[in-house]
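Each chain, written out:
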Amino acid sequence: GSFGHPSDLIYDRQGQLHVATRYHGQPYGVDYWHQVDGQWQLETFGQNVTFGGNNLALGLLPDDQPVVVCMTRDRGRLAVWERTPGGQWNATRPSELQGIAAGYFDLVVSVEGLPQVLFCPQSGGPKCATRDAAGTWNVVTISKVGVSRNISATSDSDGQLHVSFAAGETGAAIRDLN
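Structure report, in brief. (Residues numbered from 1 in each chain as written. Predicted model: local features only at pLDDT ≥ 70, side-chain atom pairs only at ≥ 80, totals over all residues. Heavy atoms only, no water.)

Taken as a whole, the largest pocket spans an internal volume of roughly 340 Å³. Considering the residues around the largest pocket, the lining is formed by 19 residues, among which I10, G59, L60, L61 and V109 are closest to the centre. Sorting the residues of the lining of the largest pocket by element identifies β1 (7–11), β5 (56–60) and β9 (100–109) as the ones contributing at least two each. (1 Å grid on protein atoms, 1.4 Å probe; cavity = no way out; pocket = protein on both sides within 12 Å on 5 of 7 lines; lining within 4 Å. Points joined across faces, edges and corners; volume = space filled by probe spheres on them. Helix = DSSP H or I, 4+ residues; strand = E, 2+ residues; numbered from the N terminus.)

Spelled out as structure tokens, the structure:
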């Protein structure tokens, strides 16, 4: 595989590095790199699904299994890819994760081990979609603004979610950092 752009990285509990990147070239997909006994391993998935040039986000579930969120080919919906312990990648395309402004999303895994996708819709304030233990996605609006973009999120050691984003009344008026 070749290393594409954009990319995301995370360390697991054993200090091993995991990297996800858009496959460099067509058909667009995801290259997932991880270390096994100090050696890099490559797994490629999602060919011809992920739209190239948009970001992706990588997280680790409590069992250190990776989860990758990326745009679908139509650029209006997110796909959530999860790797099974056996190495199989499976995707879901939750209806709650559509209407996304292309490229404006992030992923955090809560202290409870629940994936949380933070995203900016095409209009309106940013949202947080959390998948509960039963697999249901619950969406809340973080802030009511006209337009939001450039979202980034993290959680602290107490599990408190911290989100930053740019906002304005219209796309041309985005000036505020929240």
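Next comes the rest of the account.
Attention shifts here to the environment of L9. Structurally, L9 can be placed in strand β1. For the pair L9 and L58, spaced 49 residues apart in sequence, the C-alpha to C-alpha distance is 6.5 Å. Ignoring sequence-local partners within four residues, the contact set of L9 consists of L17, H18, V19 and L58. (Contact = heavy atoms within 4.5 Å.)

The residue D37 is not glycine, and still its phi comes out positive at about 55 degrees. Here D37 lies in the loop between β3 (30–36) and β4 (39–45). The backbone of D64 sits at a positive phi, close to 65 degrees, despite the residue not being glycine. Mapped onto the fold, D64 is located in the loop between β5 and β6 (66–71). Judged by relative accessible area, D64 falls into the buried class, the value being 12%. (Buried < 20%, exposed > 50% of the residue type's maximum accessible area, 1.4 Å probe, protein only.)

Here the focus is the sheet that holds β1. If you walk across this open sheet you meet the four strands as β1-β2-β3-β4, and the pairing is antiparallel. The open sheet has two edge strands, β1 and β4, and neither has a second partner. Each strand axis lies, on average, 15 degrees off the axis of its neighbour in the sheet, ignoring direction. Looking at chain direction, β1 and strand β2 (residues 17–22) are connected through five bridges and run antiparallel. Its bridge partner lying in β2, I10 is registered against H18. (Pairing = 2+ DSSP bridges. Axes fitted to C-alpha atoms, helices over the stretch in contact; angles between N-to-C directions.)

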